[in-house]
Amino acid sequence: MLVLVAPGQGAQTPGFLTPWLDLPGAADQLAVWSDAIGLDLVHYGTQADADAIRDTSVAQPLLVAAGLLSAAALGDITPGAVAGHSVGEITATAYAGVLTQEAALGFVRKRGLAMADAASVTETGMAALLGGDPEVVFPHLEKLGITPANVNGAGQVVAAGTLEQLAALTADKPEGVRKVVALKVAGAFHTHHMAPAVAALDEASRSLDIADPRLTYVSNADGKTVATGAEIVARLVNQVSNPVRWDLCMETFQQLGATALIEVCPGGTLTGLAKRALPGVKTVALKSPDDLEAARALIAETGTPAADAAGAE
């Protein structure tokens, strides 16, 4: 059984979309999306520097566009389940048919702007903890007033808080943590610092045309499958101020019988976690079009069916 997943913020790197523009129709599609959301996706995906694409209001639409573009290059397939990490959940809603591609991009543009506004109130950030036992790490973070914003499984926890709190964490690491690595994000996402963005997204969600998922959709909130589009969108709204439980998502993949996992562009982070937490599950990360052949071979190996005409975007 194949799971299709989309990465979250921090996966972007300068120029990562450049090779994808060589695919037929890719540049035209990005131009259409750029006009629709008022953001030059081609420029930011090919020419902008690291600081420019670190901007939350830029990074989030760029990641969703990259995920949709690279998934389309796989052809019309029907994976056994879909999921996304943080902003990648919006990409997954389009895979599952909950939102159209255009609606997903419009919503993520509003999400990025709202979260950037919330992040501007206080200087905050996020950092990955390498190593450590969660039973030791979580109480230590609580002592410092820091939130375990991403519980990613395979022993990885991402902490979020003010820059002062993160500096204190670096100076006073929990026992067993080898290193604290600052992430390429511009705020303490999935914490109370994002509360103002929740209200903005709730308002934005009311105008969305929502459908029930045509694929099994696994939610970041608790790793459970969600059967209605309305519930999925409600979770997307609240997700920005609540922790991401990717560890529970991977447990659900295992329970569903996953044998293969493909991570769309810019892939690498989630396949790395899967290799450690899901032994025996074959993975492919779409970093460039050169990875499409391996992904298609894995799709064929799993016997994943093609989507019918009604289900294809």
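Treat the numbers as computed from the prediction; the structure is a model and nothing was measured. (Residues numbered from 1 in each chain as written. Predicted model: local features only at pLDDT ≥ 70, side-chain atom pairs only at ≥ 80, totals over all residues. Heavy atoms only, no water.)

Our focus in this paragraph is the sheet that holds strand β8 (residues 282-285). The strand order β2-β1-β7-β8 describes an open sheet built from four strands, whose pairing is parallel. Where the open sheet ends on each side, the last strands, each with one partner, are β2 (81-84) and β8. Across the sheet, the axes of successive neighbouring strands diverge by a mean angle of 20°, strand direction being ignored. For strand β1 (residues 2-6) and β2, the ladder comprises four bridges, and the chain directions are parallel. (Pairing = 2+ DSSP bridges. Helix = DSSP H or I, 4+ residues; strand = E, 2+ residues; numbered from the N terminus. Axes fitted to C-alpha atoms, helices over the stretch in contact; angles between N-to-C directions.)

Gly 229, Ile 232, Val 233, Leu 236, Val 237 and Gln 239 are the residues of helix α10 (residues 229-239) that are buried. Projected onto a plane normal to the axis of α10, the buried residues spread over an arc of 165° and lie on a single side. Looking at the buried residues of α10, the elements they touch are α5 (88-95), α6 (101-119) and α9 (195-205). (Buried < 20%, exposed > 50% of the residue type's maximum accessible area, 1.4 Å probe, protein only. Arc of directions from axis to C-beta. Contact = heavy atoms within 4.5 Å.)

Within a regular strand, the side chains alternate between the two sheet faces. Summarising burial for strand β4 (residues 147-153): six of the seven residues are buried, a large majority. Direction of pairing for β4 relative to strand β5 (residues 156-162): antiparallel, over a ladder of five bridges. The residue bridging Pro 148 from the neighbouring strand is Ala 159, located in β5. Two successive antiparallel strands, β4 and β5, enclose a turn made up of two residues, where Ala 154 displays a positive phi of approximately 55°.

Let us look at the confidence of the model for the chain. Per-residue confidence for the chain gives a mean pLDDT of 93, with 98% of residues at or over 70. pLDDT under 50 marks residues 308-313. Its contacts with residues more than four places away, or in other chains, come to seven contacts. (pLDDT = per-residue confidence, 0-100.)

This part takes up the environment of Ala 128. Tracing the sequence through the fold places Ala 128 in strand β3 (residues 124-131). On the basis of relative accessible area, Ala 128 is assigned to the buried category, the value being 7%. Note: C-alpha distance between Ala 128 and Ala 159 (31 residues apart in sequence) is 6.3 Å. Excluding residues within four positions of it along the chain, Ala 128 makes contact with Val 157, Val 158, Lys 179, Val 180, Val 181 and Leu 183.

Let us look at the packing of aromatic side chains. The geometry of an aromatic ring pair is captured by two quantities: the separation of the ring centres and the angle between the planes. Within the structure shown, the criterion is met by one aromatic pair. Their ring planes at 80° and their centres at 5.7 Å tell us that Trp 246 and Phe 253 sit as a pair that is edge-to-face. Since its relative accessible area comes to 1%, Trp 246 is described here as buried. (Phe/Tyr/Trp six-rings, centres within 6.5 Å; stacked < 30°, edge-to-face > 60°.)

Before going further, it helps to examine the pairing of β8. Two strands pair when backbone bridges link them, and strand β7 (residues 260-263) and β8 are joined in this way by four bridges, in the parallel orientation. When the bridges of β8 are listed, Ile 262 appears paired with Val 284. Read as a crossover between parallel neighbours, the route from β7 over helix α12 (residues 269-277) to β8 is right-handed. (Right-handed = clockwise from strand over helix to strand, strands pointing away.)

Right, let's talk about the nonpolar core for a bit. Of all hydrophobic cores here, the largest spans 77 residues; its most connected members are Leu 74, Tyr 95 and Ile 262. Beyond its immediate chain neighbours, meaning those up to four positions away, Leu 74 contacts Leu 4, Ile 262, Leu 286, Leu 292, Ala 295, Arg 296 and Ile 299. (Core = buried A, V, L, I, M, F, W, Y, C linked by side-chain atoms within 4.5 Å.)

Okay, unusual backbone geometry next. With an omega of -5°, the peptide bond running from Cys 265 to Pro 266 counts as cis. Among the structural elements, Pro 266 can be located in the loop between β7 and α12. At Ser 86, a residue that is not glycine, the phi angle is positive and equals roughly 55°. Along the chain, Ser 86 turns up in the loop between β2 and α5. Positive phi is not limited to glycine here, since His 190 has a value of about 65°. Following the sequence through the fold, His 190 ends up in the loop between β6 (177-182) and α9.

Attention now goes to the environment of Ser 219. Structurally, Ser 219 can be placed in the loop between α9 and α10. The class of Ser 219 is buried, set by a relative accessible area of 1%. If near-sequence neighbours (up to four positions away) are discounted, Ser 219 is found in contact with Glu 89, Lys 224, Val 226, Arg 235 and Cys 249.

Before going further, it helps to spend a moment on the packing of α5 against α10. Taken N-terminus to C-terminus, the directions of α5 and α10 make an angle of 165°; their axes are 11 Å apart at the nearest point. Taken together, the axes of α5 and α10 are roughly antiparallel relative to one another. In the packing of α5 onto α10, the handedness of the crossing is left-handed. Contacts from Glu 89, Ile 90 and Thr 93 of α5 reach α10 at Ile 232, Leu 236 and Gln 239. (Parallel < 35°, antiparallel > 145°, perpendicular 65-115°, else oblique. Left-handed = near helix turned anticlockwise from the far one by under 90°.)

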